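An overview of the molecular structure
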Amino acid sequence: MLRPYQTKAIDLMRTSIAEGKKRLILCSPTGSGKTVMFTFMVARALEKGKQAIIFTDRVELLKQSNGALDLFGIRPTLIEASKTRLDVSGNCFIAMAQTFSRRKDATEYTDLLNRMDLVIIDEAHKQTFNPLLPYINPNAVVIGATATPLRRGNQECLSKFYQVLHNPVQVRELIDQGFLSKPVTYGMPINLSGIRMKGNDYDTQQMAIMYSKRKVFDGVVQNYNKYCRSKKAILFASNIASSKEVCNALQIAGHNARHVDGDMRKQERASVLDWFKHTPDAILCNCDLMTTGFDEPSIEVVILYRATASLPLFMQMVGRGSRVTPTKREFTILDFGNNVNHHKLWEVNREWSLKKKRKRKSDGVGAVKNCYACDALIPVAVMVCPHCKHEHERKPQ
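Our subject in this report is the structure included herewith.

About the thresholds
Residues numbered from 1 in each chain as written. Predicted model: local features only at pLDDT ≥ 70, side-chain atom pairs only at ≥ 80, totals over all residues. Heavy atoms only, no water. Helix = DSSP H or I, 4+ residues; strand = E, 2+ residues; numbered from the N terminus. Rg over C-alpha atoms; globule rule 2.2 N^0.38 Å. Buried < 20%, exposed > 50% of the residue type's maximum accessible area, 1.4 Å probe, protein only. Contact = heavy atoms within 4.5 Å. Areas by Shrake-Rupley, 256 points an atom, 1.4 Å probe, with all protein chains shown as cover. Lys, Arg positive; Asp, Glu negative; His and termini not counted. Charge placed at Lys NZ, Arg CZ, Asp CG, Glu CD. Salt bridge = Lys/Arg side-chain N within 4 Å of Asp/Glu carboxyl O. Pairing = 2+ DSSP bridges. Axes fitted to C-alpha atoms, helices over the stretch in contact; angles between N-to-C directions. Phe/Tyr/Trp six-rings, centres within 6.5 Å; stacked < 30°, edge-to-face > 60°. Lys NZ or Arg CZ within 6 Å of the ring centre and 35° of its normal. Core = buried A, V, L, I, M, F, W, Y, C linked by side-chain atoms within 4.5 Å. Parallel < 35°, antiparallel > 145°, perpendicular 65-115°, else oblique. Left-handed = near helix turned anticlockwise from the far one by under 90°. Nonpolar A, V, L, I, M, F, W, Y, C, P; charged D, E, K, R; others polar.

**Details of the overall build of the chain**
Scanning the chain from terminus to terminus reveals 12 helices and 17 strands. Against the globule reference of 21 Å for 397 residues, the chain gives a C-alpha radius of gyration of 22 Å, in line with a compact fold. By its C-alpha atoms, the chain is 60 × 55 × 45 Å across when sized along the principal axes. Counting across all 397 residues of the chain, residues that qualify as buried make up 54%. Once local pairs closer than 6 in sequence are excluded, the contacts in the chain between residues at least 24 apart make up 70%. Counting every atom, the chain has about 18500 Å² of accessible surface; 48% of that belongs to carbon and sulfur. Charge separation in the chain, taken as the distance between the mean sites of 58 positive and 38 negative side-chain charges, equals 3 Å.

Next up, the structure:
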């Protein structure tokens, strides 16, 4: 059932636990099956008579985790905000981080958390889980699962909460092994010099206004037509108004596009997502709603109609198109925010650490170039385009 790299990850964690390390980060790319890996650990713990809890921060992820647990024959108790009475009779639980954080001082909640032998933190790079960690039994094993264990600025360092990080596989390895699709990236340069920072990322409202004034949505239509016409696409905009605007431009151009956002009624949103799932040429425009907890393998194109200074967000957005299917081994990235120049190509090998990384002096200048023949972005040092096989001449020294 487990893939070789998943077995490797579990063996690494078991070795660390045997050495007395009880706070671990499981770092593995989007699409690598982190849920399967930590569910396997949960299943083995339950077999030994231990108790476990999985924390998430979104309803979609809660449901996703529940589905993975079903594969291992586990029937967890869901701890939800809508339930006034806490059922503590089981041996495996799934909880929203926000629900527990609001009630962490209640005796029944602290008692439950204190008796757990294994605690899983899904999307552990997020600060949402920080308030919970001091309440966990110090003898419990805590596994934080994330594709991007990165914190910056005033965010609390992961090394404050975790002892060791295991990164058993890279995106490039998963592509080479056939577990992830190969990306073909096209970048459309845009001047972001007038966009201020708000917190650790660009001001999304200011970005949306600038994109609208410069009619960047026209570039989306033109490049979608040029590189990936009629393919199923997901588009990430900086805010709801920007998503609706580019969606309207795509519809006027004759494309099958719809917008979805978190302000929609649940039934309406579900209807749009069902349409997207069953429509081959659908283009789904959204704002941050589908970055995590959304798994639609048939996505063939990821359109970044925004810039982000956040590497985790960049990786999560692009990762929506990386799933493989019997008919899909490649996907397209259209970057309208200089994201590849800032973060490098999505598929490059990355070194992760529990400590914060200093901002690189080279940030904003990615080592990529356009292929003269097919226009795809490729590493500067590459002399033969991996997509069209065009041979590039070396410049004289």
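Picking up after the structure, the text goes on.
**As for the pattern of salt bridges**
In total, this model carries eight salt bridges according to the counting rule given. With its nearest N and O atoms 3.1 Å apart, the salt bridge here joins R196 to D203. Judged by relative accessible area, D203 falls into the buried class, the value being 6%. The partner of D295 in a salt bridge is R323, with the nearest N and O atoms 3.2 Å apart. With a gap of 28 residues between them, D295 in the loop between β13 (283–286) and β14 (301–305) and R323 in the loop between α11 (311–319) and β15 (330–335) connect regions that are remote in the sequence. Exposure remark for D295: the relative accessible area of 40% places this residue in the partly exposed category. Judged by relative accessible area, R323 falls into the buried class, the value being 16%.

**Thoughts on the sheet that holds strand β3 (residues 77–79)**
The strand order β3-β4-β2-β5-β6-β1-β7 describes an open sheet built from seven strands, whose pairing is parallel. Strand pairing shows two members of the sheet lacking a second neighbour, β3 and β7 (164–166), which therefore form its edges. Neighbouring strand axes in the sheet, compared pairwise and without regard to direction, differ in orientation by 20° on average. Along the sheet face, helix α2 (residues 34–47) touches β1 (23–27), β2 (52–56), β4 (92–96), β5 (118–122) and β6 (141–146) and points at about 170° away from the line of β5.

**Details of the environment of G178**
Mapping G178 onto the fold places it in the loop between α6 (171–176) and β8 (182–187). The class for G178 is partly exposed, based on a relative accessible area of 28%. On a C-alpha basis, the gap between G178 and R323 in space is 9.9 Å, while along the polypeptide they are 145 residues apart.

**Notes on the packing of aromatic side chains**
Counted by the stated rule, this structure contains eight aromatic pairs. Judged by centre distance (5.7 Å) and plane angle (65°), the ring pair of Y5 and F179 falls under edge-to-face. In this pair, Y5 is assigned in helix α1 (residues 4–18) and F179 in the loop between α6 and β8, connecting sequence segments 174 residues apart. Overall, Y5 belongs to the buried group, its relative accessible area being 5%. Look at F40 and F72: their rings are 6.2 Å apart centre to centre, the planes differ by 75°, and that puts the pair in the edge-to-face class. Taken together, the residues span a long stretch of sequence, with F40 in helix α2 and F72 in the loop between α3 (59–71) and β3 at a distance of 32 residues. Here the aromatic residues F55, F100 and Y109 are joined through ring pairs into a cluster of three or more. The ring of F276 carries K232 above its face, with NZ or CZ at 5.1 Å from the centroid.

**Looking at the nonpolar core**
Residues V42, I53, F55, F100, Y162 and W346 are the most contacted members of the largest nonpolar core, which totals 89 residues. Sort the elements by how many residues they give to this core and α2 lands first, with eight residues. Of all hydrophobic cores here, the second largest spans 35 residues; its members include M207, C228, V301 and F336.

**Let's talk about the sheet that holds β8**
Here six strands make up an open sheet; going across it, the order is β8-β15-β14-β11-β13-β12 and the pairing parallel. Strands at the two margins of the open sheet, each flanked by one partner only, are β8 and β12 (257–259). Adjacent strand axes in the sheet meet at a mean angle of 20° when their direction is disregarded. In this structure, strand β11 (residues 233–237) lies alongside β13, joined through four bridges in parallel fashion. The partner of A233 across the bridge, within β13, is I283. Packing of helix α10 (residues 266–278) onto the sheet brings it into contact with β11, β12 and β13, and relative to β13 it is tilted by some 145°.

**Structural notes on the packing of α1 against α2**
Two elements in contact, α1 and α2, have axes whose closest approach is 10 Å; the angle formed by their N-to-C orientations is 50°. Comparing the axis directions of α1 and α2 gives the class oblique. Where α1 crosses over α2, the handedness of that crossing is right-handed. From α1, Y5, Q6, A9, I10, M13, R14 and I17 reach across to α2, where they touch V36, M37, F40, M41 and R44. Residue classes in the contact of α1 with α2 are distributed as nine nonpolar, one polar and two charged.

Keep in mind these numbers describe shape, not what the thing actually does.
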